[in-house]
There are 2 protein chains.
Amino acid sequence: MVTIKDVAREAKVSISTVSRVLNMSGYTSEKTKEKVLYAVKKLGYTGSLVAAAMIKKQTLTLGLIIPDIKNIFHSDLTRAVEDGANSHGFNIFLCNTDNNLQKEVEYIHLLIAKGVDGIIFSSPEVKDKNIKEVKEKFPDLPIVILGSKFHNLTINEILVDNFDGGYRATSHLLELGHKDIAFISGGIDSYSSIERHKGYKFALNESGIPINDDFVIFDRFYIESGYKNALKLLQKNKRPTAIFAGSDSIAVGIYKAARELNLKIPEQLSVVGFDDSQYAEILSPMLTTIHTPIKEMGQRAIEIIVKSIKEKKIFKETLVLYPTLVERESTMAVHSK
Amino acid sequence: MVTIKDVAREAKVSISTVSRVLNMSGYTSEKTKEKVLYAVKKLGYTGSLVAAAMIKKQTLTLGLIIPDIKNIFHSDLTRAVEDGANSHGFNIFLCNTDNNLQKEVEYIHLLIAKGVDGIIFSSPEVKDKNIKEVKEKFPDLPIVILGSKFHNLTINEILVDNFDGGYRATSHLLELGHKDIAFISGGIDSYSSIERHKGYKFALNESGIPINDDFVIFDRFYIESGYKNALKLLQKNKRPTAIFAGSDSIAVGIYKAARELNLKIPEQLSVVGFDDSQYAEILSPMLTTIHTPIKEMGQRAIEIIVKSIKEKKIFKETLVLYPTLVERESTMAVHSK
DNA sequence: TCTCCTTGTGGAAACGTTTCCTCATCTTTT
DNA sequence: AAAAGATGAGGAAACGTTTCCACAAGGAGA
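Residues numbered from 1 in each chain as written. Chains lettered and ligands numbered in written order. Predicted model: local features only at pLDDT ≥ 70, side-chain atom pairs only at ≥ 80, totals over all residues. Heavy atoms only, no water.

**Considerations on the protein's contact with DNA strand D**
For DNA strand D, the set of nearby residues contains 24 residues, the closest of which are Thr17, Thr32 and Ile55 of chain A together with Ile4 and Ser19 of chain B. What you see for DNA strand D is that sugar and phosphate hold 61% of its atoms within 4 Å of the protein. With respect to DNA strand D, the backbone of serine 14 of chain A contributes an N or O atom lying 2.8 Å from a phosphate oxygen. Between DNA strand D and serine 19 of chain B, the relevant distance is 2.6 Å, taken from a phosphate oxygen to a side-chain nitrogen or oxygen of the residue. (Near = heavy atom within 4 Å. Polar contact = N/O pair within 3.5 Å; in protein donor to acceptor, adjacent residues only side chain to side chain.)

**What about the sheet that holds strand β10 (residues 288–291) of chain A?**
Residue and element names in this part refer to chain A. A sheet is described by the order of its strands in space; here 6 strands give the open sequence β7-β6-β8-β9-β10-β12, paired in mixed fashion. Taken across any chain shown, the strands that pair with only one partner, and hence form the sheet edges, are β7 (216–218) and β12 (324–326). Each neighbouring strand pair of the sheet contributes to a mean axis angle of 15°, computed without reference to strand direction. Bridging between strand β9 (residues 270–275) and β10 involves 4 bridges; their strand directions are parallel. (Pairing = 2+ DSSP bridges. Helix = DSSP H or I, 4+ residues; strand = E, 2+ residues; numbered from the N terminus. Axes fitted to C-alpha atoms, helices over the stretch in contact; angles between N-to-C directions.)

**Some remarks on the relation of the copies chain B and chain A**
Mapping chain B onto chain A leaves a residual RMSD of 0.1 Å; the transformation is a rotation of 180° accompanied by 0.0 Å of translation along its axis. Seen this way, the second copy is the image of the first under a two-fold rotation axis. For chain B, the smallest separation between a C-alpha atom and the rotation axis is recorded for phenylalanine 93 of chain B, amounting to 2.4 Å. Residue by residue, 98% of the interface of chain B is reproduced at the interface of chain A, so both copies engage with the same surface. (Least-squares fit on C-alpha atoms with pLDDT ≥ 70 in both. Contact = heavy atoms within 4.5 Å.)

**Here we look at the pairing of strand β3 (residues 118–121) of chain B**
Residues and elements named next belong to chain B. Of the two faces of β3, the one holding Gly118 and Ile120 and the one holding Ile119 and Phe121 are both buried throughout. Pairing analysis gives 4 bridges linking strand β1 (residues 61–66) to β3, with the strands arranged parallel. Within β3, the position partnered with leucine 62 by the bridge is glycine 118. (Buried < 20%, exposed > 50% of the residue type's maximum accessible area, 1.4 Å probe, protein only.)

**What to know about the domain arrangement of chain A**
You'll often see interface size given as the accessible area lost when the parts meet. Each assigned domain of chain A is listed with its residue range as follows: domain 1 (4–47), domain 2 (58–160 + 294–322) and domain 3 (162–292). Once you take the C-alpha centre of each, domain 1 of chain A and domain 3 of chain A turn out to be 63 Å apart. (Domains from an automatic or database assignment.)

**Focus on the nonpolar core**
Among soluble globular proteins, nonpolar side chains are generally buried collectively. In terms of nonpolar packing, the biggest core is built from 88 residues, with Ile254 of chain A together with Ile254 of chain B touching the most fellow members. Excluding residues within four positions of it along the chain, isoleucine 254 of chain A makes contact with Ile184, Gly226, Tyr227, Ala230, Ile243, Ala245, Leu269 and Val271 of chain A. In this structure, Val81 and Ala85 of chain A together with Ile69 and Ile92 of chain B belong to the second largest nonpolar core, which totals 52 residues. (Core = buried A, V, L, I, M, F, W, Y, C linked by side-chain atoms within 4.5 Å.)

**Structural notes on the protein's contact with DNA strand C**
As a matter of local geometry, DNA strand C sits amid 25 residues, with Ile4 and Ser19 of chain A together with Thr17, Arg20 and Ile55 of chain B nearest to it. Of what DNA strand C places within 4 Å of the protein, 60% of the atoms are sugar or phosphate. Between DNA strand C and asparagine 23 of chain A there is a distance of 3.1 Å, counted from a phosphate oxygen to a side-chain nitrogen or oxygen. In the model, a base nitrogen of DNA strand C is placed 2.8 Å from a nitrogen or oxygen of the arginine 20 of chain B side chain. Among the elements of the structure, α2 (15–23) and α4 (49–56) of chain A together with α2 (15–23) and α4 (49–56) of chain B are those that each provide at least two residues to the surface near DNA strand C. For the surface near DNA strand C, the per-class residue count stands at 10 nonpolar, 12 polar and 3 charged. (Nonpolar A, V, L, I, M, F, W, Y, C, P; charged D, E, K, R; others polar.)

**Quick word on the interface of chain B and chain A**
Contact residues are listed per partner, giving 50 residues for chain B and 49 residues for chain A. Summed over both sides, the interface between chain B and chain A buries roughly 4300 Å², with carbon and sulfur atoms accounting for 58% of that surface. At the boundary of chain B with chain A, the tally comes to 6 salt bridges. Secondary-structure elements contributing two or more residues to the side of chain B that touches chain A are α4, α5 (72–87), β2 (91–96), α6 (101–113), α11 (248–260) and α12 (279–282) of chain B. Per-element accounting of the side of chain B that touches chain A gives the leading share, 8 residues, to α5 of chain B. Residues of the side of chain B that touches chain A, tallied by class, amount to 24 nonpolar, 14 polar and 12 charged. (Buried area = accessible area lost by both parts, 1.4 Å probe. Salt bridge = Lys/Arg side-chain N within 4 Å of Asp/Glu carboxyl O.)

**Quick look at the sheet that holds strand β12 (residues 324–326) of chain B**
Sheets are built from strands paired through backbone hydrogen bonds, the pairs being either parallel or antiparallel. Residues and elements named next belong to chain B. If you trace the 6 strands from one edge of the open sheet to the other, you get β7-β6-β8-β9-β10-β12, paired in mixed fashion. With partners counted over all chains shown, the strands left at the sheet margins are β7 (216–218) and β12, one partner each. Across the sheet, the axes of successive neighbouring strands diverge by a mean angle of 20°, strand direction being ignored.

**Looking at the environment of lysine 35 of chain B**
Residues and elements named next belong to chain B. As for its position among the elements, lysine 35 is in helix α3 (residues 30–43). Take lysine 35: its relative accessible area is 38%, and that puts it in the partly exposed class. Separated by 17 residues in sequence, lysine 35 and valine 18 place their C-alpha atoms 9.5 Å apart. If we skip the residues at most four places from it in the chain, lysine 35 touches Ala11, Lys12 and Val13.

**Some remarks on helix α6 (residues 101–113) of chain A**
All names here are of chain A. Helix length check: α6 (13 residues) gives 18 Å between terminal C-alpha atoms against 18 Å at 1.5 Å per residue, within 8%. Taken together, the buried positions of α6 are Lys103, Glu104, Val105, Tyr107, Ile108, Leu111, Ile112 and Ala113. Put simply, asparagine 100 is the residue that caps the front of α6, since its side-chain oxygen is 2.8 Å from the backbone nitrogen of glutamine 102. Glycine 115 sits one or two residues past α6 and shows a positive phi near 75°. (Expected span 1.5 Å × (residues − 1).)

**Here's the deal with the packing of α5 of chain B against helix α13 (residues 294–310) of chain B**
Residues and elements named next belong to chain B. Contact geometry for α5 and α13: axes closest at 8 Å, N-to-C directions at 40°. Here α5 lies oblique to α13, going by the angle between them. At the point where α5 passes α13, the crossing takes the right-handed sense. Contacts from Phe73, Asp76, Leu77, Ala80, Val81, Gly84 and Ala85 in α5 reach Ile294, Lys295, Met297, Gly298 and Ile302 in α13. Residue composition of the contact of α5 with α13, by class: 8 nonpolar, 2 polar and 2 charged. (Parallel < 35°, antiparallel > 145°, perpendicular 65-115°, else oblique. Left-handed = near helix turned anticlockwise from the far one by under 90°.)

Quick look at the structure:
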């Protein structure tokens, strides 16, 4: 491995001079600059960021902790985060936790031992005590949370207004004349599920439609969960004419169940999803869904964390982004009987 | 930040002793071991792997270079790679290149500057001269390539037998009585496209069916590309009764085109995909496709690279995995007219 | 009793950078 | 002409570990 020493020797200058040239700090004459640069090229010197990290206390590395990259929401998000990181000269360590708190805590410790400059979390399903612990033990580490709320901690949060999203989805169905609207979502302990449910209830109340508790199901944000619960729901004596799915994945499961029961979407069953992931346009009929600005979430997460790192200051910024309804083909006016 | 010095002072032993205890190397009495461990716990010492990396010349970090994590194939692969890495104590840097060689080379340099212990590539679309350069400049860096062939370089390769996959897909359609079978795939410079095409041709020849060059299209491994080309293909006077898609994404596009043209799958058009990604079960009807052992590819990639790192030796291992046909709902016997 | 292992511990060098400090020269100001 | 500032470059400390080496003490074998 060729080191800064080799370059210094080759260029017949001191180590400090080489470092200064390469970092463009302090004064250097044009002549020595050239000599150094020539030597660098000649030897193919690349430098060691790990040595630099030791003294600068900066690794230009970020940790990204998500449940599962196979989940379409998180792969979209990860891409946005990585792009943003890269444009600021950062790399990201990808960590899949499967929502397992034990796995998460191990990743956190590893990341810190490796000297990451910040950590971005996206764990929508879990009320996370690990994060509280990190915050206590490493108060100076910049952290951004995506999609969950932490009232008491000085931690940056980026949220979508899930209440608003739930409200929009439900309102859309109400406008189409639906009265029997079910709601299938992720875990009841998940912040986004709860808020979406609130929006759902609010819209129904506003229209004077009583809430039917049989039509509200909290399970998980997965295809399987959508399938299983839709199957149950659609086989009831009085089945809903529309379902608001807490995520596009759940909607995929609902499609599957509907197909199995020979229910045509949207003629016999309207479906609204949440996320506007890749799935939405693949499904047939294409899914009407609530668009979450995933890309913007990722970008903003990076902006905030990079700012925090550059200014060496811990903020508590809470950013709320707003979802929108994307009408496609999976909803239509309810059939009057 | 609490360092090993603090622990040594707290435990009233030397730095070396602390290090020895923590690394379980050399001799240490039970008594001092306890003292050290107690101090570690008391101070909440975590250690700095970056300092350790300096002297050990090991960062326990791997680079993973892919075109795009949003691509379903690569998110599945990434997950497998990350799991494998994690189980060996490694972290991965995720790098999305969009098949851009310039971006790729920048990532490579960054990764090397950060001291990664190895790099895993998966760039199926590009014949990669960057890799040759890395190999020349850093001959000791373990590298694994997924899905492409490099004849002359001492680089580990993990391949699926694409010829075999192409053959199986086409044979399946032939067995169902199809004679007009089209092939839509990724770029003509991509190893996997070429091999799949060879398998396709071989199967047709074997059945004595002449190759219709109008039915062979090389474009890109994307949904859009499948859509666009299927649209063209299916509007010809003599349209194919079956299409073999070079990837599941392409198949998704074909579905879209078929729907637009009011062609029922599989009654009027049979489709076989390639990859057996998440898409396959989401599509309706569910996609018959060639299963590529993505998970195994990821695991093996890690095994090989970790072995290379541990033994500090560069191998050239070429591993070929075999695809299988997964019959679902998108193919059926051709209608006799 | 003497030598030789085994066990246990500490000191110090090394890893490859950055940065602080010092010193020298040259230019400008008073 | 002297003082002050700007420019340029090198020496050495520092970052937080691991590991090599030296040394000491205790027990075993001759």
